[in-house]
Amino acid sequence: MPSILAPGAHSIAVNGIDQHYHVSGIGPYCIVHAGGPGIEASYLRLPLLEENLTMVYLDPIGTGSSGHVATHPLGYSVDRFSEQLLAFIDAAGIADPYLLGHSHGAFVVLEAALKRPEGLAGLILYSGAAYTGGTFMADASAEIAAFVARHAGTTEAEAVERAWASIPSIRTDAAYTAALRDLLPAYVSDFRRWTDSLETLQRRLRATLLVGDGQAFDVRDRLATLQVPALVVTGTDDFILGPRHAALLADLLPRAQLRIFEQSGHFAHIEEARAFAEAVLRFTGRPDRVLAGV
């Protein structure tokens with residue numbers, strides 16, 4: 001195994017930027033791109049998958065221990081992230097990887113595959129979408145309002161409402177981190193069932209305020225030609241990138257499988273960890289390992 005892909009933490013220069021990543025596990029390579037934008041990789045560790053896949057967790061540029069673009073905090077478009085991902089694959093010498101992207105990371109993975117589909121074993125598009133235009137943010141705001149109404153009088157509802165309203169005026173990494181921590185109860189299926197997990201996520205979450213190009217993500221007219229196998233997954237109660245977005249994405253991709261986790265929100269890998277791992281392992285062609293490893 002090349003030293004840059006040995007288990008542990010590494011940094012290499014990619015496109016003139018220090019790219020930090022962590023390698024863990026054994027088996028075919030699966031490169032993981034976190035969401036946000038602006039969230040480092042630690043929340044997306046997948047220990048059940050590490051039993052059967054070599055997981056390569058990227059700190060997206062601008063986050064965690066990775067370096068910044070010259071125009072930081074500006075310039076962090078999906079296009080720029082996707083270019084970094086493809087350049088990392090080349091620099092690390094990884095042949096035929098799976099790409100797993102969560103939330104905004106799913107946009108990055110999808111854009112990378114559209115640019116260069118050859119040499120990819122498959123895509124795991126986790127809480128992603130084919131587009132974020134139109135009423136996307138209005139719909140998300142309506143879901144937040146519904147959450148607040150359902151849980152009126154709780155500290156969680158008050159924190160979610162306050163954090164969502166603060167997002168347009170946020171200008172610092174500290175404020176962005178605080179807002180995302182306060183929003184987490186709305187991102188899971190039932191925050192009352194995940195008290196310990198939420199506290200851990202809130203304590204560990206570190207976010208960097210990154211600015212893209214201001215363009216809505218929309219690849220609907222490009223997906224019909226993408227022949228890379230894809231697993232599209234989300235949770236029934238994912239308020240922002242839920243089943244409606246997943247179903248459209250799966251319909252538009254020629255070789256897609258769709259899996260909805262009925263007891264999850266935006267974090268199925270935590271809320272239904274075993275079922276999530278099993279779905280990914282089946283998709284990656286390792287069903288013989290599912291029962292033994294999961």
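Below you will find a few notes about this structure. Just so we're clear, the structure is a prediction, and the values are computed from it rather than from any experiment.

What counts, and where the lines are drawn
Residues numbered from 1 in each chain as written. Predicted model: local features only at pLDDT ≥ 70, side-chain atom pairs only at ≥ 80, totals over all residues. Heavy atoms only, no water. Helix = DSSP H or I, 4+ residues; strand = E, 2+ residues; numbered from the N terminus. Buried < 20%, exposed > 50% of the residue type's maximum accessible area, 1.4 Å probe, protein only. Contact = heavy atoms within 4.5 Å. Areas by Shrake-Rupley, 256 points an atom, 1.4 Å probe, with all protein chains shown as cover. Lys, Arg positive; Asp, Glu negative; His and termini not counted. Charge placed at Lys NZ, Arg CZ, Asp CG, Glu CD. Salt bridge = Lys/Arg side-chain N within 4 Å of Asp/Glu carboxyl O. Pairing = 2+ DSSP bridges. Phe/Tyr/Trp six-rings, centres within 6.5 Å; stacked < 30°, edge-to-face > 60°. Lys NZ or Arg CZ within 6 Å of the ring centre and 35° of its normal. Expected span 1.5 Å × (residues − 1). Bend = angle between axes of the 7 residues up to and from the residue.

1. Section: the overall build of the protein
No. 1: Counting its regular elements, the protein contains 11 helices and eight strands.
No. 2: Structurally, the protein occupies a C-alpha span of about 55 × 45 × 40 Å along its principal axes.
No. 3: Taking all 294 residues of the protein together, 55% fall into the buried category.
No. 4: Of the contacts formed within the protein by residues at least 6 apart in sequence, a portion of 70% connects residues at least 24 apart.
No. 5: Counting only carbon and sulfur atoms, one obtains 52% of the accessible surface of the protein, whose full area is about 12500 Å².
No. 6: Here the protein carries 22 positive and 32 negative side-chain charges, and the mean point of each set is 3 Å from the other.

2. Observations regarding the pattern of salt bridges
No. 1: Applying the stated criterion to the full structure yields nine salt bridges.
No. 2: Put simply, Asp-79, Glu-83 and Lys-115 are held in one network by salt bridges that share partners.

3. So, the pairing of strand S3 (residues 29-33)
Looking down a regular strand, the side chains alternate between one sheet face and the other.
No. 1: For S3, the buried fraction is high: five of the five residues fall into the buried class.
No. 2: Here S3 shows a buried face lined by Tyr-29, Ile-31 and His-33 and a second buried face lined by Cys-30 and Val-32.
No. 3: Where S3 lies against strand S4 (residues 54-58), five bridges are found, and the strand directions are parallel. Bridge pairing links His-33 to Leu-58 in S4.
No. 4: In the sheet, S3 pairs with strand S5 (residues 98-102) via four bridges, with the strands oriented parallel.

4. Points about the packing of aromatic side chains
A ring pair, where both rings are aromatic, is described by two values, the distance of the centres and the angle of the planes.
No. 1: The tally for this structure, following the rule as stated, stands at 11 aromatic pairs.
No. 2: The ring of Phe-191 is capped by Arg-192, whose NZ or CZ atom sits 5.9 Å from the centre of that ring.
No. 3: The positively charged end of Arg-220 is found above the aromatic ring belonging to Tyr-131, 4.0 Å away from the centroid.

5. Details of the environment of Leu-258
No. 1: By the secondary structure assignment, Leu-258 is in strand S8 (residues 256-261).
No. 2: Exposure remark for Leu-258: the relative accessible area of 43% places this residue in the partly exposed category.

6. Observations concerning helix H6 (residues 173-187)
No. 1: The terminal C-alpha atoms of H6 lie 20 Å apart, and with 15 residues this matches the ideal 21 Å at 1.5 Å per residue to within 8%.
No. 2: Its axis deflected by about 30° at Arg-181, H6 carries its strongest bend there, up to four residues before the proline Pro-185.
No. 3: Every buried residue of H6 is listed here: Tyr-176, Thr-177, Ala-179, Leu-180, Leu-183, Leu-184, Pro-185, Ala-186 and Tyr-187.
No. 4: The elements touched by buried residues of H6 are helix H4 (136-150), helix H5 (155-166), helix H7 (195-204) and helix H9 (268-271).

7. Examining unusual backbone geometry
Backbone phi values are negative for most residues with the exception of glycine, while trans is the configuration of most peptide bonds.
No. 1: In the segment running from Gly-36 into Pro-37, the intervening peptide bond is cis, with an omega of 0°.
No. 2: Relative to the helices and strands, Pro-37 resides in the loop between S3 and helix H1 (47-50).
No. 3: Cis rather than trans, the peptide bond between His-72 and Pro-73 has omega equal to 5°.
No. 4: One can find Pro-73 in the loop between S4 and helix H2 (78-92).
No. 5: Positioned with a positive phi, Asp-96 is a non-glycine residue whose angle comes to about 55°.

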